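Reading the structure
Take a look at the letters that make up each chain.
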Amino acid sequence: FMKKNPHAIDILITDQTMPGMTGIELAKEALLLQKNLLVILCTGFSTMVNPELITSVGIHESITKPYEIKNISRLIRTMVDKIKDRQ
């Protein structure tokens, strides 16, 4: 979907552990298509994911699992506010 409509998505929320590709890989590919995309990465305690890697990829926020709905909701609200500020 994103390849055909890269600007139809404003926020990408992805998990680090997925079949076929990681959340980091998905974020990299998505950001190539839409450089202003805001990305939230959800992850468990992974030794492969650290703040430096997240920042270098262009991911804006990360949240560690398990998380409470209020915490992910707060992150999404922050992202929505960033989108509003751009307009």
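Each value, and the rule that gives it
What you see as residue numbers is a count from 1 along each chain, following the sequence as written. The predicted origin of the model limits local features to residues at a pLDDT of at least 70 and limits the giving and counting of side-chain atom pairs to 80 or more, whereas totals for whole chains, interfaces and linings rest on all residues. Side-chain descriptors were evaluated using all non-hydrogen atoms of the structure, hydrogens and water having been removed beforehand. The helix count covers DSSP runs of H or I at least four residues long, the strand count covers runs of E at least two residues long, and both are numbered beginning at the N terminus. We call a residue buried when its accessible area falls under 20% of the maximum for its residue type, exposed when it is over 50%, and partly exposed in between, using a 1.4 Å probe and counting protein chains only. Polar contact criterion, stated in full: a pair of N or O atoms within 3.5 Å, where within protein one must be able to donate a hydrogen and the other to accept it, and residues adjacent in sequence count only if both atoms are side-chain atoms. Pairs of residues are marked as contacts when any of their non-hydrogen atoms sit within 4.5 Å. Put simply, a nonpolar core is a bunch of buried Ala, Val, Leu, Ile, Met, Phe, Trp, Tyr and Cys residues held in one set by side-chain atoms that sit within 4.5 Å of each other. DSSP calls a pair of strands paired once it identifies at least 2 bridges connecting them. Crossover handedness is defined here as right-handed if the route from the first strand over the helix to the second strand goes clockwise, with the strands pointing away from the viewer. In a helix, the anticipated span is given by 1.5 Å times the number of residues less one. By arc we mean the arc of the directions from the helix axis to the C-beta atoms, nothing more.

1. Observations concerning the side chain of Q16
Position of Q16 relative to the elements: it lies in the loop between β1 (11–15) and α1 (23–33). Its relative accessible area of 6% is what places Q16 among the buried residues. Within the structure, the side chain of Q16 is placed 3.0 Å from the backbone nitrogen of I24, a separation counted as a polar contact. Excluding anything up to four places from it in sequence, Q16 contacts M21, T22, G23, I24, L41, C42, T43 and V49.

2. A short note on the environment of L37
With respect to the helices and strands, the residue L37 is situated in the loop between α1 and β2 (38–43). Considering only alpha carbons, one finds L37 and H60, 23 residues apart in sequence, at a separation of 9.2 Å. Excluding its chain neighbours within four sequence positions, the residues that come into contact with L37 are M2, I9, D10, I11, L12, A30, L31 and H60.

3. Focus on the nonpolar core
Membership of the largest hydrophobic core comes to 13 residues, with the highest contact counts inside it found for L37, V39, L41 and I59. Of all the secondary-structure elements, those providing two or more residues to this core are α1, β2 and α2 (51–57). The leading source of residues in this core is α1, at four residues. Once residues within four sequence positions are removed from consideration, V39 is found in contact with L12, A27, L31, I59, H60 and E61.

4. Here's the deal with the pairing of β1
The alternating pattern of β1 places L12 and T14 on a buried face and I11, I13 and D15 on a face that is not buried. Alignment of β1 against β2, held across five bridges, turns out to be parallel. Bridging across to β2, I11 finds its partner in L38. Crossover connection from β1 via α1 to parallel β2: handedness right-handed.

5. Remarks on helix α3 (residues 69–86)
Counted at 1.5 Å a residue, the expected span for α3 with its 18 residues is 26 Å, and the 26 Å between its end C-alpha atoms agrees. Looking only at α3, the buried set comprises I72, L75, M79 and I83. The buried residues of α3 all sit within an arc of 85° when viewed along its axis, so they share a single face. Exposed residues lying more than 90 degrees from the buried face of α3 are R74, K84 and D85. Contact partners of the buried residues in α3: β1, β2 and β3 (61–64).

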